2 protein chains.
Amino acid sequence: MLVNIDTFPTLTSWLPIAADSDFPLQNLPFGIFSPSASASPRVGVALGDQVIDLSALLELGFMDEVYFKDPSVFYEQTLNDFIGLGQDTWRAVRLRLVELFRADNPTLRDNEAAKAAVLFDQNKVKMHLPVHIGDYTDFYSSIEHASNVGSMFRDPSNPLLPNWRHLPVAYHGRASSIVISGTPIRRPKGQTKPDNVEMPVFGPSQALDFELEMAFVVGKPTQMGQSVAVAEADAHVFGFLLFNDWSARDIQRWEYVPLGPFLAKNFASAVSPWIVTLDALAPFRVATPTQNPPVLPYLQFDGLYNFDIHLEVGIQPENGAETIVTRTNYKYMYWNYAQQLAHHTVNGCNINIGDLYASGTISGAEKGSNGCLLELTWGGKEPITLADGSQRKYLADGDTVAIRGYALKNNHRIGFGEVSNKLLPAAN
Amino acid sequence: MLVNIDTFPTLTSWLPIAADSDFPLQNLPFGIFSPSASASPRVGVALGDQVIDLSALLELGFMDEVYFKDPSVFYEQTLNDFIGLGQDTWRAVRLRLVELFRADNPTLRDNEAAKAAVLFDQNKVKMHLPVHIGDYTDFYSSIEHASNVGSMFRDPSNPLLPNWRHLPVAYHGRASSIVISGTPIRRPKGQTKPDNVEMPVFGPSQALDFELEMAFVVGKPTQMGQSVAVAEADAHVFGFLLFNDWSARDIQRWEYVPLGPFLAKNFASAVSPWIVTLDALAPFRVATPTQNPPVLPYLQFDGLYNFDIHLEVGIQPENGAETIVTRTNYKYMYWNYAQQLAHHTVNGCNINIGDLYASGTISGAEKGSNGCLLELTWGGKEPITLADGSQRKYLADGDTVAIRGYALKNNHRIGFGEVSNKLLPAAN
């Protein structure tokens, strides 16, 4: 008996799951984990405060109801091969998990030995980068963010460049330096040019920032020359995760003309470990803000392509308490992910499974809803005060930055966990 | 008996090699080829008009003098694992090949059966992309090119932006759409905004261009947080190839502010099939042009980091004869590859084997030595005339663009072959 997840929003599991858990039975996001430091990576799914080991489930015969062309995908170091099996398989696996873990199914519930082999405490496992990322693109799709940055970097009276409302501006980023939540980030050194000096100087960045973003992971590839229409985008998206696009504002300001950000960004970006599927996010679809002027036909869409996802960023100083410094929402995005993908491929650029497409910094219209310190402190002019009384224009060594996100509707919560990384001092 | 390649510039092979061949015994560049359309890819080395099959050499016992931790590297679909064996192994393989193919060594020369198993006509094999490219970066290191583009896109009286002489400007490009010479290129469609209209329009690019570049391939990785000093750069470079950074100028002009080129470039880039090692290029090292003002200490260098490499581009219309439209030289580069690598990693950005770092368009100071049509026709204002009498502002459907390059000194020629691709009409 297969269940349809979307029609069972109130289905509960025999596994104890806290009411405010990010990972109820309706979520079932995919990731790569090792049960212990010495164990090999494998595919896992988050449920409550546990990780379900799909490779163990398969070995014990609990996945026999799902047909796998190649069961070795559950023993891989990334999700790419599993994703490559296609949307029908992702769905079949999630439905099988709902079936196995629903409260009224005794199969696994009453089998203590199997449970011990299959379930691992999330706090005790080691999470890995969930996908091999062939290419990573960063969009710039929040109109509030683009307007704020344009005001500070260029012209406050005309902050948006002429192309901004006509296409989702983006640039290619560095794939090699994308790391998993928990990886320490080293403050980068680089070339900057302070306003008060004639020549550029070299040293540790003095304006280190986070950028609150979300990213989607490609689930179905295209060939060169092929385009993905807006209406086809969903078939090419595996899911979403949280993304912190660590940024050095002083390096960025000096280097970014005319070819865009480079060393200001490529020292590190970080992702949350669990990829939440499009299916799990379906109940939280909302309309995209009105786009004015109207966009060209290849960017027009029909349907709900934004998501109502609450987002927040906490900064925790070394040995201090965390302060939430911003609260915002993914629903504010001016350009939606279907438009991003359609634009990216309209010229025939090919995409691969595991490619990452980040939203760009997500800012709201209100003060305190901006997705980076550059905006929150208005270029360092208006420092924010943390719970311990210390002030921040930009990040201090030892700060831990955590981005968290969840969707919530009728007590139904689908969360992303967090991407949390500590900033280390620059290398000697 | 091992020979030192560099001390034997006049050594000849028993294999007949034309005097003007790009691939004498002193070159021995690496690539990936299939002997026939149905045969699997493997590692090859170019010699004269032949390809040496390293996997066959190994199987026949001719590589026993070289110690391999893992001989399977010769049966891989890319060079990455071979490159990962390290510089000592690359050198040992090249020296062993010199030994086997030098005129006075009968071992292979007089073994017809072995020769038939090991040598393949370059005109009959299928070449593949030589490396898996994790990340691709495009620099902007020709001062002539940057000045010309700055004049046309921005301000003729002040074409170079303030940062240009202080750091090698670069941006991240798309790795997925880098293809091997011979792959047809589809004219991209995209959004542009002609000067005479109010709103942007959508359609096939009307300003399709080539960019004559060279690129180096990373031979030794770094960890995140690690930097490569200028003096250490050579240890991280496997070799060089020719690179055509196909560009749609009308898309670029509209999209590129503020985050740099995106769809104007990521529909396709193309590489030549053979990677010429740093060792083979050693005799052609020349000084970098004087850098004024002096650069920051992390970019200062001591030694010869440019190469005297003659470069040219030919355009061949459909069913027509080829016209050489530009001749230039890699030695003109203002920023050298060691500086590019040092700058790229000074912030701790990690690099991987197979990463590609392209030079940016290579232009000389003279008219007719510019590396792209944008400059050669001055933005389409001064069309060039081909041998068949037809004119070009930008490329026409059916044009084949070939970039070729070689170094020449005392009758000693080390060449790169070519990267040649035909432009197909835009998709319907």
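Residues numbered from 1 in each chain as written. Chains lettered and ligands numbered in written order. Predicted model: local features only at pLDDT ≥ 70, side-chain atom pairs only at ≥ 80, totals over all residues. Heavy atoms only, no water.

## A look at the overall build of chain A
Looking only at helices and strands, chain A features 10 helices and 26 strands. Relative to the 2.2 N^0.38 estimate, which gives 22 Å for 428 residues, the radius of gyration of chain A is 22 Å and therefore close to what a compact globule would have. Each of the three principal axes of chain A carries a C-alpha extent, and together these read 70 × 55 × 40 Å. Looking at chain A as a whole, 64% of its 428 residues qualify as buried. Relative to all contacts within chain A whose residues are 6 or more apart in sequence, the contacts with residues 24 or more apart total 72%. Total accessible area on chain A stands at roughly 15400 Å², and carbon and sulfur atoms take up 50% of it. (Helix = DSSP H or I, 4+ residues; strand = E, 2+ residues; numbered from the N terminus. Rg over C-alpha atoms; globule rule 2.2 N^0.38 Å. Buried < 20%, exposed > 50% of the residue type's maximum accessible area, 1.4 Å probe, protein only. Contact = heavy atoms within 4.5 Å. Areas by Shrake-Rupley, 256 points an atom, 1.4 Å probe, with all protein chains shown as cover.)

## So, the sheet that holds strand β1 (residues 30-34) of chain A
Residue and element names in this part refer to chain A. Sheet architecture is open: 5 strands sit in the order β4-β3-β2-β1-β5, paired in antiparallel fashion. The two strands at the open ends of the sheet, each matched to only one other strand, are β4 (119-121) and β5 (126-128). For this sheet, the mean inter-axis angle between neighbouring strands, taken without regard to orientation, is 45°. Taken together, the 3 bridges between strand β3 (residues 50-53) and β4 define a ladder with antiparallel strand orientation. Bridging from a neighbouring strand, Q50 pairs with D121 of β4. The sheet strands contacting helix α3 (residues 87-101) are β1, β2 (42-47), β3 and β4, and the helix crosses β1 at an angle near 70°. (Pairing = 2+ DSSP bridges. Axes fitted to C-alpha atoms, helices over the stretch in contact; angles between N-to-C directions.)

## As for the sheet that holds strand β26 (residues 412-424) of chain B
Ordered in space as β9-β26-β25-β20-β21 (chain B), the 5 strands form an open sheet in which the pairing is mixed. This sheet does not close on itself; its edge strands, each paired only once, are β9 (185-186) and β21 (323-329) of chain B.

## Comments concerning the environment of B:N410
Tracing the backbone through its elements, the reader meets B:N410 in the loop between β25 (400-409) and β26. Considering only alpha carbons, one finds B:N410 and B:S36, 374 residues apart in sequence, at a separation of 37 Å.

## Remarks on the side chain of A:T137
Looking at the element boundaries, A:T137 is found in strand β6 (residues 136-139). There is a polar contact of 2.8 Å between the side chain of A:T137 and the side chain of A:H344. Those residues within four positions of A:T137 in sequence are excluded, and the remaining contacts are A:A170, A:Y171, A:H172, A:G173, A:H344, A:L356, A:Y357, A:A358, B:R174 and B:F262. (Polar contact = N/O pair within 3.5 Å; in protein donor to acceptor, adjacent residues only side chain to side chain.)

## A closer look at the interface of chain A and chain B
Of the residues lining the interface, 57 residues belong to chain A; the matching set on chain B comes to 56 residues. Carbon and sulfur atoms supply 64% of the area that chain A and chain B bury against each other, a total of about 5300 Å² over both sides. Sorting the residues of chain A by area buried against chain B places A:R174, A:L259 and A:F262 first, and these three jointly supply 15% of that buried surface. As a salt-bridge pair, B:R174 and A:D135 come within 3.6 Å of each other at their nearest N and O atoms. Counting across the interface, chain A meets chain B through 28 residue pairs in polar contact (both at pLDDT 80 or more). Counting only elements with at least two residues in the side of chain A that touches chain B, the list comes to β7 (170-173), β10 (189-192), β11 (201-204), α7 (249-255) and α9 (337-345) of chain A. Of the residues in the side of chain A that touches chain B, the class split is 34 nonpolar, 17 polar and 6 charged. (Buried area = accessible area lost by both parts, 1.4 Å probe. Salt bridge = Lys/Arg side-chain N within 4 Å of Asp/Glu carboxyl O. Nonpolar A, V, L, I, M, F, W, Y, C, P; charged D, E, K, R; others polar.)

## Considering the nonpolar core
In this structure, A:F82, A:F240, B:F82 and B:F240 are the most contacted members of the largest nonpolar core, which totals 268 residues. Beyond its immediate chain neighbours, meaning those up to four positions away, A:F82 contacts A:F30, A:F68, A:V73, A:F74, A:T89, A:W90, A:V93 and A:F238. (Core = buried A, V, L, I, M, F, W, Y, C linked by side-chain atoms within 4.5 Å.)

## Overview of the pairing of β21(B)
Residue and element names in this part refer to chain B. Here β21 lies mainly inside the structure; 5 of its 7 residues are buried. Bridge count for strand β20 (residues 310-316) against β21 is 6 bridges, and the pairing is antiparallel. Residue pairing for β21: V313 is matched across the bridge by T326. With antiparallel pairing between neighbouring strands as the criterion, β20 and β21 make up a hairpin whose turn holds 6 residues, including N319 at a positive phi of roughly 60°.

## Digging into the relation of the copies chain A and chain B
At an RMSD of 0.0 Å, chain A and chain B line up after a rotation of 180° and a shift of 0.0 Å along the axis. The two molecules are tied by a two-fold rotation axis, judged by turn and shift. Closest approach to the rotation axis within chain A is made by the C-alpha atom of A:G260, at a distance of 2.2 Å. (Least-squares fit on C-alpha atoms with pLDDT ≥ 70 in both.)

## Digging into the confidence of the model for chain A
Segments scoring low in pLDDT should not have their predicted coordinates read at a detailed level. In this model, chain A carries an average pLDDT of 96, and 98% of its residues clear a pLDDT of 70 or more. Model confidence for the complex: the whole-complex pTM is 0.97, and ipTM, which rates the interface, is 0.96. (pLDDT = per-residue confidence, 0-100.)

## Structural notes on the domain arrangement of chain A
Residues and elements named next belong to chain A. With domains assigned, chain A is organised as domain 1 (5-128) and domain 2 (136-424). Computed over C-alpha atoms, the centres of domain 1 and domain 2 are 29 Å apart. In this assembly, 27 residues from domain 1 lie in contact with 25 residues from domain 2. The junction of domain 1 with domain 2 conceals about 2100 Å² of combined surface from both sides, 61% of it contributed by carbon and sulfur atoms. Joining domain 1 to domain 2, the criterion identifies 2 salt bridges. Among the salt bridges present, the one from D279 reaches R91, with a minimum N-O distance of 2.7 Å. Of all the elements in the fold, those that place two or more residues in the side of domain 1 that touches domain 2 are β1, β2, α2 (80-84), α3 and β5. (Domains from an automatic or database assignment.)

## Quick notes on the pattern of salt bridges
Residue and element names in this part refer to chain A. Overall, the coordinates contain 45 salt bridges over all chains when judged by the stated rule. For R327, the salt bridge is made with E312, and the minimal N-O distance between the two is 4.0 Å. Of this pair, R327 sits in strand β21 (residues 323-329) while E312 sits in strand β20 (residues 310-316), placing them 15 residues apart in sequence. The class of R327 is exposed, set by a relative accessible area of 53%. For E312, a relative accessible area of 19% corresponds to the buried category.

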